[in-house]
Structure formats: structure tokens, C-alpha cells
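Structural overview
Each chain, letter by letter, is given below.
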Amino acid sequence: MSASGSPATSGPSGIPHLDVDPFAMNFFADPYPTHELLREAGPVVYLDKWNVYGVARYAEVHAVLNDPATFCSSRGVGLSDFKKETPWRPPSLILEADPPAHTRTRAVLSKVLSPTVMKQVRDRFTAAADERVDMLLEQRSFDAISDLAEAYPLSIFPDALGLKPEGREHLIPYASVVFNAFGPPNQLRQDAIERSAPHQAYVTEQCQRENLAPGGFGACIHARVDEGEITAAEAPLLVRSLLSAGLDTTVNGIGAAVYCLARFPDQWQRLRGDLTLARNAFEEAVRFESPVQTFFRTTTREVELSGATIGEGEKVLMFLAAANRDPRRWDKPDSYDITRRTSGHVGFGSGIHMCVGQLVARLEGEVMLTALARRVARIEITGEPNRRFNNTLRGLDSLPVTITPA
Amino acid sequence: MPAINFMHPDGKSDRIETSDSESAMQAATRHGLDGILAECGGNAMCATCHVYVDEDWLGRLPAIGDDEDALLDGTAAERLPNSRLSCQIVITPDLDGLVLRLPERQV
């Protein structure tokens, strides 16, 4: 059902029940009316279609993200409850874990992707962005998704990880499976898992120590085994987290930023006038488009949230994208404004599970938008953009553009 | 409510009133203060709310945690002995009048 469907009905608990499917194709095509319906129905809603609670307002999404003892991740951050169903792959040691286990693994990835490490890779990432823009200026007309949003992260991130050149074509399809699998057992999820075997085999193999080049993020994770911080069995699974969440997310983030700047030429001109806005232009695109739309948590006890009582063992769906446009929190939430104070948006999550690769994403976004704005006067959309459908990720499949040199 | 004084690199200063048990970073961003980015929103993950604490106040702040210590090594402006992340400084009544100097840059 779309947002124009039946109005909310109240169950005995007073929590509004909604007949909407936030994992349906017609929802993905235009989620915003349904986001509004979800936000306005109440601070906590119930979605009859999948038997889950939902939160779509900023305050409640932020509260759930920041109470991991009550809203846990170890029972899966998708619809599937790991206590009742066998996960489709061995659970992540960081995303699908709770403290204290999570604390140890998180510390390792935080160190591997720290601000200090970003300083070391900045020049390399910048040079690759400039090189990419050189190529695009020669082409003039291209697909801003495959030729830019995908090509740029693919030109730096697998190398930064230390992956072999062979088999990298599995990376984006693997991530697509991972993010589809957080959704309900719909066609998207079933198809994704059915076709996942070769991608899984590639990823499992690449996570092994001997397959990761020295000096890369992957080797740095394995080096923590020698320090006694993690076991040899844990290291490959932590490398897997970077392979799962480090590429497709930035592809969609950069794609979102370019799509925004192409749609809103006044913001593009503003960026060209002040290149120091590039980093915030990327950040605002993450708020505005929310490449990662949703995550689930599972309650560890009965809990009262904004007047609603939720029992133990219930799935709670957090609408990050709806929170990022909640008028209770954001002034003119539906405007893309590169000078907005974006601090506090939940596009990267919040709390202990907040995206551990956020610094990599921001660095990629900043240097790419800087390179573009320095050299390109105009970005024009020259054809109908096509959407890519995924249960968790929001982004485009193609965005035909023509650029004019500055 | 306690107030904090933020000193900008150009010598200007802003006196900011804090609310109940918020951090110095939260007070700064709530007032739209330039010079504090706080990209991660206060989760101690980004090092873009870096401040230099006035020497007179340094000893009165809570100790630096391991996470904060590691992040401070990656600040955009030089780390000094009085460097802290303002998201980790929760303002209590005894910190009324705290003086924090802003670095030249956060990224």
C-alpha cells in the first residue's frame, strides 16, 4: 500500500497500526509521502505487513540508536531474528554484535579507519579524484553512476583494502546481497540470496590474511591478531565488514551528492564559489538522500518508548531517512542546502554502531566534489535517471549527465 | 546555567550558555558557533570538535578516555598538550566560565 492507502488504525495499546510496506517497489519509487505518514501517525507505529514496530521521527530514531542495551543488534539488524532463524551468512562481529563483544571488535576497526589513517590516504584519494575528473571532462557526456559514483570508489577502496586485482567485480553485487538481506523475505531478498554463492565465495577467500596486500586496511586488521586484540578466526570476518559496507554505501553517497548538485544548480554554483563547502555538500547529501534508509533492532526487554509499550523480542524498524527529514528536527527538511548544519543527522547512524567507515566516506565525498567543482562549470541531467532497487540502500542505477568545463 | 567562553583564532570570543548536562560541543552547535563541526554528532568518532583548553581549566576536566586520546592524534590542527574533543567535556556547574580556544581548522 502507498501513503494514500488506509489511514492508521489504533490497536488496543494505542499504537497506530499502518498498512504500508516500506520494502515494496512502489514505496522505493517515492518513499517521501509514506515517510510523512509514518512520522505523523505517532512516535511509535506498528506495521501489520511485517509485524514490526517502526519509528520515523528523529527523536525516537536517535533514542533507539543510542540505547543498544534495550534495542540490541545481536539478533540481527534486518527483519530476520537470529534467535529464531538461522542467519543467511555467519553474523558480523561488529554490526550484528552487542557490548561487550562489540566493544573489542569495534575498537579494532576504529583504529584501522581512524582520522590519523585518513591523513595518510588523503593525497592518494585526492589524486584519484582529479584523475577521474580529467577522464570525465574528456567524455563530457557519461553515466554519473557507473562512470563516476562507482568508478571512483572502485579505483581507490579495493586498493586501500589491499585486494587482489582479480574478482573485484564481485564487490558491488556482494554488498547488494548484504543490504537486500536486511529486508523482509520479499522477491528482492530471495533473488539476492539465491544468486549470492559466487560473491560469497570470492569475499570469503579475499578476507584471508595471505590474500591481503601489506599496508592495506585488511592487513592492518590481521595485524591486530598479533597484538592479541582479536583472534585469527575473527580477523577475516572483520575484513568482511569492510567488503560488505565500505563500497556500495560510498557509491550511493557520491551518487546522491552528484544527483543533488545536478538537480539544484544554485547549490552547485555556491559550491563552485567556495570549495571549502565540498565536505558539507557531501554530508548534506547523505542527510537528504540517506543512502542507508533503514535498520532494525530487537528489544531485549519490555520497554516504554514515547508512551508506547513494546514487549521483549520485538523487531523495531528505524527509518533513518524519515528522521533525516523530520520537520521537528530540521528547518526546511526537504531542501538540499550545502551550508546547513548537518551535525546530528542519522545517515551514518548514531551511537556505538555509527558507521565505522564514516571518515572514509567523507574523505571520498569531499575530494571528489572538490575536484568536480574546481573544473566543471555545469552539470546537466540529459536523460531520465533510473533507480536501483534494494531493501536497504537508496540510490540510482543510472544518471545520464553532460558536464561543461569551467 | 553555566556558560563557556569560546575564543576564536582571530581573537574574538563567544560566551555560550549551556543547558542541563550537555557537552561543550552540543552547546556550541546548538548556538550555531562557527569553528565546531562535530561531524559525527558527538559519538567520539570524527575529531572535528577539537578545542584547546585554557591552562587554568585543564586540571578540572575529566580525564581523557582511550578513544578520545586516539582521535586527538588525527585532528586537522596540531595536537597540543591541552587538546581535547569538546563532545567529551560535559558541562557541570563547577565548569562555569570555562575557556576553550578554537583551532584554525577542524578538517
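A few points on the structure. (Residues numbered from 1 in each chain as written. Chains lettered and ligands numbered in written order. Predicted model: local features only at pLDDT ≥ 70, side-chain atom pairs only at ≥ 80, totals over all residues. Heavy atoms only, no water.)

The next thing to look at is unusual backbone geometry. A cis amide bond links Pro99 of chain A with the next residue in sequence, Pro100 of chain A, at an omega value of 5 degrees. With respect to the helices and strands, Pro100 of chain A occurs in the loop between strand S5 (71-72) and helix H4 (101-112). Positive phi outside glycine occurs at Ser21 of chain B, with the angle close to 45 degrees. Relative to the helices and strands, Ser21 of chain B resides in the loop between strand S2 (13-17) and helix H1 (24-30). Taking relative accessible area as the criterion, Ser21 of chain B reaches 54% and is therefore assigned exposed. Positive phi, close to 55 degrees, is recorded for Ala44 of chain B, a residue that is not glycine. Relative to the elements of secondary structure, Ala44 of chain B occurs in the loop between H1 and strand S3 (50-53). (Helix = DSSP H or I, 4+ residues; strand = E, 2+ residues; numbered from the N terminus. Buried < 20%, exposed > 50% of the residue type's maximum accessible area, 1.4 Å probe, protein only.)

Each partner contributes residues to the interface: chain A has 17 residues there, and chain B has 21 residues. Counting each side, the surface lost to burial between chain A and chain B is near 1,300 Å², with a carbon and sulfur contribution of 48%. Three residues, Pro115, Arg341 and Ser343 of chain A, lead the burial of chain A against chain B; their summed loss comes to 38% of the area buried on that side. Summed over the shared surface of chain A and chain B, the result is 3 salt bridges. The salt bridge partner of Arg341 of chain A is Asp34 of chain B, with a shortest N-O separation of 4.0 Å. The tally of links between chain A and chain B comes to 8 residue pairs in polar contact (both at pLDDT 80 or more). Among the secondary structure elements, those contributing two or more residues to the side of chain A that touches chain B are helix H5 (115-139), helix H14 (278-289) and helix H16 (358-375) of chain A. Of the residues contributing to the side of chain A that touches chain B, the split by class is 4 nonpolar, 7 polar and 6 charged. (Contact = heavy atoms within 4.5 Å. Buried area = accessible area lost by both parts, 1.4 Å probe. Salt bridge = Lys/Arg side-chain N within 4 Å of Asp/Glu carboxyl O. Polar contact = N/O pair within 3.5 Å; in protein donor to acceptor, adjacent residues only side chain to side chain. Nonpolar A, V, L, I, M, F, W, Y, C, P; charged D, E, K, R; others polar.)

All names here are of chain A. With respect to the element layout, Thr250 can be found in helix H12 (residues 248-263). Looking at Thr250, its side chain comes within polar contact range of the main-chain oxygen of Gly246, at 3.5 Å. Within the structure, the side chain of Thr250 is placed 2.9 Å from the backbone oxygen of Leu247, a separation counted as a polar contact.

With that settled, consider the packing of aromatic side chains. Residues and elements named next belong to chain A. Throughout the structure, instances matching the rule amount to 11 aromatic pairs over all chains. Relative to Phe182, the ring of Phe179 has its centre 5.7 Å away and its plane inclined at 75 degrees; by these criteria the two rings are edge-to-face. Here the two residues Phe179 and Phe182 agree in accessibility, since each one is buried. Seen from their ring centres, Phe182 and Phe295 are 5.3 Å apart, and the 75 degrees between their planes marks the pair as edge-to-face. Within this pair, whereas Phe182 is found in the loop between helix H7 (171-181) and helix H8 (187-194), its partner Phe295 is found in strand S7 (residues 294-299), the two being separated by 113 residues in sequence. Among the aromatic residues, those joined into a cluster by ring pairs are Phe27, Phe28 and Phe389. The ring of Trp330 carries Arg329 above its face, with NZ or CZ at 4.1 Å from the centroid. (Phe/Tyr/Trp six-rings, centres within 6.5 Å; stacked < 30°, edge-to-face > 60°. Lys NZ or Arg CZ within 6 Å of the ring centre and 35° of its normal.)

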